[in-house]
Amino acid sequence: MAKNTSSNVFRTLDVDQYNEDNYKEDNDSTDPAALGPNDTLITSLLAANKPVEALTHLLSGATLGIKDQAARTTSLTLAMRVLMAIKVSQIDDAVAQLDNESRDVLMKFIYRGFEVPNEGSSAHLLVWHEKVFTVAGVGSIVRVLTDKKRV
């Protein structure tokens with residue numbers, strides 16, 4: 001048994017930093033204009049009838065966790081244009097070319113598209129959701145719904 005039990009020298013770990021009430025969200029230190037997909041590149045790929053490449057560029061440059069609402073809306077509008085440009089027969093090939101992280105970002109855009117439906121977009125997004133779910137499984141949905149970084 002220790003001789004001096006009133007000593008607190010051994011308490012070097014601050015356990016209060018792990019308390020839920022002390023959680024602080026990461027600040028956006030980067031410029032929102034510098035982030036995100038290149039609109040002109042994606043628009044030119046869509047005009048050249050290469051929507052799968054446009055989707056790849058969109059997902060690789062997606063802005064996650066940005067707080068600027070205008071940038072988020074612009075990103076969603078661009079994503080919806082790309083998703084609507086891909087035909088139903090091309091969706092399987094497009095999803096198969098993506099890695100798991102890109103599929104998760106795609107699923108985030110799909111759910112965000114469900115929040116702001118346009119004319120005929122819900123049915124197309126349901127097809128996208130089915131195809132991504134078939135490849136990525138339930139794990140993708142769980143990761144998207146529990147992630148704090150939104151698109």
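Residues numbered from 1 in each chain as written. Predicted model: local features only at pLDDT ≥ 70, side-chain atom pairs only at ≥ 80, totals over all residues. Heavy atoms only, no water.

### Section: the pattern of salt bridges
Using the following cut-off: What counts as a salt bridge is simple: a side-chain nitrogen of Lys or Arg found within 4 Å of a carboxyl oxygen of Asp or Glu. Starting at the N terminus, helices and strands are each numbered in turn, a helix being any DSSP run of H or I of at least four residues and a strand any DSSP run of E of at least two. Burial classes: relative accessible area under 20% of the type maximum marks a residue as buried, over 50% as exposed, and values in between as partly exposed (1.4 Å probe, protein chains only).
On inspection of all chains with the given rule, the structure shows 4 salt bridges. In this structure, Glu 115 and Arg 112 form a salt bridge, with 3.6 Å as the shortest nitrogen-oxygen distance. Placement of both Glu 115 and Arg 112 in helix H5 (residues 100-115) is noted, with a separation of 3 residues, approximately one turn of the helix. Judged by relative accessible area, Glu 115 falls into the exposed class, the value being 59%.

### Focus: helix H7 (residues 138-146)
Quick reminder: α-helices carry 3.6 residues per turn. Residues three or four places apart thus point the same way. Spelled out, the test is: The directions from the helix axis to the C-beta atoms form the arc being described. For this analysis, residues touch if any pair of their heavy atoms sits within 4.5 Å.
Residues of H7 that are buried: Ser 140, Ile 141 and Val 144. The buried residues of H7 occupy an angular sector of 95° when the element is viewed end-on, so they sit on one face. The exposed set on the far side of H7, more than 90 degrees from its buried face, consists of Val 138 and Thr 146. Buried residues along H7 sit against H5 and helix H6 (121-136).

### As for the environment of Ile 91
Its location among the elements puts Ile 91 in helix H4 (residues 91-96). Judged by its relative accessible area of 0%, Ile 91 is buried. Taking the C-alpha atoms as reference, Ile 91 lies 7.2 Å from Lys 131; in sequence the two are 40 residues apart. Other than its neighbours up to four places away in sequence, Ile 91 contacts Ile 86, His 124, Val 127, Trp 128 and Lys 131.

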